[in-house]
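# Inside the fold
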Amino acid sequence: MANVAGSSKVLAGQSSQELQGLAKQLSEPAYRGRQLANWIYKKGAVEFGQMTDLPSNFRRSLEDTFVVTGLATVSHQRSKDEVDKLLVHSGDDQVFECVLLPYRDRVSCCLSSQVGCPMGCTFCATGLGGFDRNLSVGDIVGQYLLLQSLTSRRIGHVVFMGMGEPLLNLGTVVAAMRVLHEEVGLSYRHITVSTVGLVPQIRALAELELPIHLALSLHSPFDAIRNELMPVNHKWPVAEVVQAMKDYARKTGRKVTFEYLVIDGVNDTAEQAKALSQLVRGVSCVVNLIPFNWVDTGHGFARPDQAKVAEFRKVLESSGVNVTQRVERGHDIAAACGQLAGQHAGRFAKRDRLVALQRAIPIDQ
Ligand code: SAH
Ligand code: SF4
């Protein structure tokens, strides 16, 4: 495949400075590197052929050794509500997904940070498939550039809510965010990192003092329930991780988000809504409710009906908590949160084996 990374080097993720160095190595003046950066990050060119003001011999020598994104599209689905979901790989058979989300007032995208995820949350399609590898800076920036090439509108918002746990790949995710900020021109405020709740990494991110929007997948205020949903809670329980989020908000001056996946009969009781409102007291935050997207987890988890979610919301709001409910898009192509599982032949087989295995194991073991 012509544009797959393979043995070629990937330009996506390199700074303008680095591209100027590259131009010099190829016996071109530095400003050719700036032009290259401009084509890639500002004009959205994903092929050298599009870079019409570069001399043809420079373009040819770039083509010999380099690729822009290095990503090959395995499948491209478009939902009825105009959400695009791409399944891509960068030269191996390890596929990952990214999603383009156009809204009336803005365009957002959802990026993956890993192929698969090792955190093992019991409600999540990605988690069920196990972990393959961390993505590189080029893989992450490449997803953005590829999605940007699908639309004439500017993608101004990025959420790391695709496959993987971004804080397990923190250095790389931060490097990718720097490129998106410094080269593409995105505001850090429009970049959201969603985490399962790795306390040392939340603290490390806070130390960088970048105004990145941080979201914690909380999903229950009670350790007993969160333990069953998210094995990470055994290591960093509710009180500790919520404290880390409060400290993050204080240090960065940013409002934080608590994501709350609502699963029918599991974490949607009034008791949990009350405990949740106590827990998040004293921090500038919003609680974002996400009705469970059905995934065959083997645990019999079900989506709550709208009335139940509304009831839960009412309890929170009556205690003064800011609440939003995720606007769900792309249902018909399984582009919603937790449904990105890299479903192609190989991974499907692996996932199916895992689902069968999980069915045989009770949730508390
Ligand atoms: N690993 C990170 C980011 C990727 S998951 C995290 O866990 O936060 C993005 C969001 O999708 C998380 O809030 C996660 O809890 C949620 N999610 C996972 N499975 C889901 C499902 N089946 N239905 C709805 N949301 C789900
Ligand atoms: Fe990983 Fe997030 Fe899925 Fe948990 S919810 S398994 S952390 S991707």
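Residues numbered from 1 in each chain as written. Chains lettered and ligands numbered in written order. Predicted model: local features only at pLDDT ≥ 70, side-chain atom pairs only at ≥ 80, totals over all residues. Heavy atoms only, no water.

## Observations regarding the site of ligand 2
To keep it simple, the criterion reads: If a single non-hydrogen atom of a residue is within 4 Å of a molecule or strand, that residue counts as near it. Side-chain classes are defined by residue name, with Ala, Val, Leu, Ile, Met, Phe, Trp, Tyr, Cys and Pro counting as nonpolar, Asp, Glu, Lys and Arg as charged, and the others, Gly among them, as polar.
Around ligand 2, the structure places Cys117, Met119, Gly120, Cys121, Phe123, Cys124, Gly127, Gly164, Glu165 and Val196. Within the shell around ligand 2, the residues separate by chemical class into six nonpolar, three polar and one charged.

## Topic: the packing of helix H10 (residues 270-279) against helix H11 (residues 306-318)
Heads up, the rule is: A fitted line through C-alpha atoms represents every axis, and for helices the fit uses only the stretch in contact; the resulting angles, taken between N-to-C directions, go from 0 to 180 degrees. Only DSSP runs of H or I reaching four residues or more are called helices, and only runs of E reaching two or more are called strands; each is numbered from the N terminus. Each crossing gets its handedness from the near helix: less than a right angle anticlockwise from the far helix is left-handed, clockwise is right-handed. Contacts are assigned to residue pairs that have any heavy atoms within 4.5 Å of one another.
Here H10 crosses H11 at 35 degrees, and the two axes come no closer than 9 Å. Remark: the crossing between H10 and H11 carries right-handed chirality. For the pair formed by H10 and H11, the contact residues are Ala270, Gln272, Ala273, Lys274, Leu276 and Ser277 on the first element and Phe312, Val315 and Leu316 on the second. Its residues assigned to classes, the contact of H10 with H11 shows six nonpolar, two polar and one charged.

## Some remarks on the site of ligand 1
Put simply, the rule is: N or O atoms within 3.5 Å of each other form a polar contact, as long as, within protein, one can give a hydrogen and the other can take it, and as long as residues adjacent in sequence are counted only when both atoms are side-chain atoms. For the accessible areas, the method is Shrake-Rupley and the probe is 1.4 Å, while residue cover comes only from the protein chains on display.
In the neighbourhood of ligand 1, 21 residues make up the surrounding shell, with Gly164, Ser194, Ser217, His219 and Asn293 lying closest. Between Glu165 and ligand 1, the recorded distance is 3.1 Å, taken from a side-chain N or O atom to a nitrogen atom. At 2.6 Å, a side-chain N or O of Ser217 approaches an oxygen atom of ligand 1. Isolated, ligand 1 exposes 530 Å² of accessible area, and the fraction of that covered by the protein chains is 96%. Elements with a contribution of two residues or more to the shell around ligand 1: strand E10 (191-195) and strand E12 (256-262). Residue classes in the shell around ligand 1 are distributed as eleven nonpolar, eight polar and two charged.

## Brief notes about the sheet that holds strand E11 (residues 213-217)
The following threshold applies: DSSP bridges decide pairing: two strands pair if at least two such bridges lie between them.
A sheet is described by the order of its strands in space; here ten strands give the open sequence E3-E4-E5-E6-E9-E10-E11-E12-E13-E14, paired in mixed fashion. Each edge of the open sheet is held by one strand with a lone partner, namely strand E3 (72-78) and strand E14 (323-325). Strand after strand, the sheet turns through a mean of 20 degrees between neighbouring axes, direction not considered. Relative to strand E9 (residues 157-160), strand E6 (residues 107-110) runs parallel, the two sharing three bridges. Bridging across to E9, Cys110 finds its partner in Val159. Those strands touched by H11 are E12, strand E13 (285-291) and E14, and its axis lies near 160 degrees from that of E14.

## Comments concerning the nonpolar core
Under the convention used in this document: Buried Ala, Val, Leu, Ile, Met, Phe, Trp, Tyr and Cys residues that are joined via side-chain atoms within 4.5 Å together make up what is termed a nonpolar core. In this scheme, a residue with accessible area under 20% of its type's maximum is buried, one over 50% is exposed, and one in between is partly exposed, where area comes from a 1.4 Å probe on protein chains only. Where a domain begins and ends is set by an automatic assignment or by a domain database.
Formed by 112 residues in total, the largest nonpolar core has its most connected members in Leu36, Phe123, Tyr144 and Phe258. A total of eight residues in this core trace back to one element, the largest contributor, which is helix H6 (residues 170-184). Both of domain 1 (9-67) and domain 2 (72-360) provide at least three residues apiece to this core. Excluding its chain neighbours within four sequence positions, the residues that come into contact with Phe258 are Leu216, Leu218, Val242, Met245, Val280, Val283, Cys285, Val286, Val287 and Asn288.

## Observations regarding the environment of Gln14
Note on placement: Gln14 falls in the loop between strand E1 (9-10) and helix H1 (16-25). Expressed as a C-alpha distance, the spacing of Gln14 and Ser284, which sit 270 residues apart in the sequence, is 35 Å.

## What to know about the packing of helix H5 (residues 137-148) against H6
Under the convention used in this document: Geometric relationships in this document are graded by angle, where less than 35 degrees denotes roughly parallel, more than 145 denotes roughly antiparallel, 65 to 115 denotes roughly perpendicular, and other angles denote oblique.
Viewed as axis vectors pointing N to C, H5 and H6 meet at an angle of 45 degrees, and their least axial separation amounts to 9 Å. One element, H5, and the other, H6, form an angle in the oblique class. Once H5 is placed against H6, the crossing between them reads as right-handed. Facing Val137, Ile140, Val141 and Tyr144 of H5, the residues of H6 in contact are Thr172, Val173, Ala175, Ala176, Val179, Leu180 and Val184. Tallied by class, the residues present in the contact of H5 with H6 amount to ten nonpolar, one polar and no charged.

## Some remarks on the packing of aromatic side chains
So the rule is basically this: Here a Phe, Tyr or Trp ring, Trp counted by its six-membered ring, pairs with any other such ring whose centre lies within 6.5 Å, and the pair is stacked when the planes are under 30 degrees apart, edge-to-face when over 60, and tilted otherwise.
Enumeration according to the criterion identifies two aromatic pairs in this entry. With a centroid separation of 6.0 Å and an interplanar angle of 85 degrees, the aromatic rings of Phe292 and Phe301 are classed as edge-to-face. Per residue, the accessibility class of Phe292 equals that of Phe301, and both read buried.

## Observations regarding the domain arrangement of the protein
Which entries qualify depends on this criterion: By convention, the term buried area covers the 1.4 Å-probe accessible surface removed from two parts as they join, with the contributions of both added.
Domain parsing of the protein yields domain 1 (9-67) and domain 2 (72-360). A C-alpha centroid distance of 33 Å is found between domain 1 and domain 2. Contact with domain 1, which involves ten residues of that partner, is made by ten residues of domain 2. Note on domain 1 versus domain 2: buried area summed over both sides is about 810 Å², and carbon and sulfur give 68% of it.

## Regarding the pairing of E6
Residues in a regular strand point their side chains to alternate faces of the sheet. Burial along E6 is two-sided: the residues Val107 and Cys109 and Ser108 and Cys110 are all buried. Across four bridges, strand E5 (residues 96-102) lies against E6 in antiparallel orientation. Note on E6: the bridge partner recorded for Pro102 is Val107.

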